[in-house]
Amino acid sequence: MKPVMSASEAKKRLIEGNGRYMETSAGLGDVSPALRRFTYERGQKPYAIILSCSDSRAIPEAIFSAGIGELFVIRVAGNVVDDHQLGSIEYAADHLGTPIVVVLGHDRCGAVDAAMNHDPDGHIRYITDEILTAIGDERDEYSACVKNVLHSVKLIEENADIRHLEDEGLVVCGAIYHLKDGRVDFL
């Protein structure tokens, strides 16, 4: 499928949207009834795939000032990657023409903290074990969050189906959202 725009245009749009977000106290994305009808009738054409943490303080649509149909958001605690996330990424890139994947981590991540400082049980352990693989013996919380993002980027890029899409122009990158001021730093 032909990309909805180039990856560099999509990244520029994300950066500009984050700039607007940092300057406002209200949502900026279009969620109008007209746009709901338009996307219902004509489908979605998201310009970016965002794999982000489920943290309620890190809302991708708000962070990038995006409205209905603009972002294909996949949320999971700790922004970890498994087959479900890879399948979602493949779908958006291949079938919707979305040109960029951003793994969006954030500082003060509870999942990273749980991996570093606790010994969780149950299904949480699937997440924290993956994060421990990513961060190794890192003890600095911010550095651990960055390593975790970069690990997820690497897992996405190593997938054969994603590599094929990268050959066709898909870009995969990482970013960190700062909870205190709303800034996003692309890695």
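Thresholds, definitions, all that
- Residues numbered from 1 in each chain as written.
- Predicted model: local features only at pLDDT ≥ 70, side-chain atom pairs only at ≥ 80, totals over all residues.
- Heavy atoms only, no water.
- Helix = DSSP H or I, 4+ residues; strand = E, 2+ residues; numbered from the N terminus.
- Contact = heavy atoms within 4.5 Å.
- Phe/Tyr/Trp six-rings, centres within 6.5 Å; stacked < 30°, edge-to-face > 60°.
- Buried < 20%, exposed > 50% of the residue type's maximum accessible area, 1.4 Å probe, protein only.
- Patch = residues over 30% accessible without salt bridge, like charges linked within 9 Å, V, L, I, M, F, W, Y side chains within 5 Å.
- Areas by Shrake-Rupley, 256 points an atom, 1.4 Å probe, with all protein chains shown as cover.
- Salt bridge = Lys/Arg side-chain N within 4 Å of Asp/Glu carboxyl O.
- Lys, Arg positive; Asp, Glu negative; His and termini not counted.
- Charge placed at Lys NZ, Arg CZ, Asp CG, Glu CD.
- 1 Å grid on protein atoms, 1.4 Å probe; cavity = no way out; pocket = protein on both sides within 12 Å on 5 of 7 lines; lining within 4 Å.
- Points joined across faces, edges and corners; volume = space filled by probe spheres on them.
- Nonpolar A, V, L, I, M, F, W, Y, C, P; charged D, E, K, R; others polar.

J.: Help me out: how do you make sense of unusual backbone geometry in this one?
T.: As a rule of thumb, non-glycine residues mostly have phi less than zero, and peptide bonds are mostly trans rather than cis. Of note in this structure, asparagine 79 is not a glycine but carries a positive phi near 40°. Here asparagine 79 shows up in the loop between β2 (71-75) and α4 (83-96). Positive phi is not limited to glycine here, since arginine 108 has a value of about 55°. Its place among the elements puts arginine 108 in the loop between β3 (100-106) and α5 (110-117).

J.: Explain the side chain of serine 65 to me, please; I cannot follow it from the model alone.
T.: Along the chain, the position of serine 65 falls in the loop between α3 (60-63) and β2. Not counting residues within four places of it along the chain, the set of residues in contact with serine 65 comprises Gly17, Arg20, Tyr21, Leu28, Gly29 and Glu70.

J.: What is the right way to read the packing of aromatic side chains from this model?
T.: Given two aromatic rings, their pairing is described by the distance between the two centres and the angle made by the two planes. For the structure shown, the criterion picks out 2 aromatic pairs. Plain terms: the ring middles of tyrosine 21 and tyrosine 177 are 6.3 Å apart, the flat faces sit at 45° to each other, and that makes the pair tilted. One end of the pair, tyrosine 21, is in helix α1 (residues 7-22); the other, tyrosine 177, is in strand β4 (residues 171-177), and 156 residues separate them in sequence. Ring centres of phenylalanine 72 and tyrosine 91 lie 6.0 Å apart, and the angle between their planes is 45°; this geometry places the pair in the tilted category. Separated by 19 residues along the polypeptide, phenylalanine 72 in strand β2 and tyrosine 91 in helix α4 bring together distant segments of the chain. Judged by its relative accessible area of 37%, tyrosine 91 falls in the partly exposed class.

J.: What should I look at first to understand a negative patch on the surface in this one?
T.: Taken together, Asp94, Asp161, Asp167 and Glu168 make up a surface patch of like negative charges. Assignment of secondary structure puts aspartate 94 in helix α4. Residue classification places aspartate 94 among the partly exposed residues on the basis of a relative accessible area of 34%.

J.: What exactly am I supposed to notice about empty space enclosed by the protein here?
T.: Gaps left between atoms show up when a probe the size of a water molecule is rolled over them. The tally for this structure, following the rule as stated, stands at 1 cavity of 30 Å³ or more. One number sums up the size of the largest cavity: a volume of about 30 Å³. Along the walls of the largest cavity sit Ser52, Cys53, Ala58, Leu104, Gly105, His106 and Tyr177, which together make up its complete lining. Here the lining of the largest cavity gets 3 residues from one element, more than from any other, and that element is β3. Across the lining of the largest cavity, the residue classes break down as 4 nonpolar, 3 polar and no charged.

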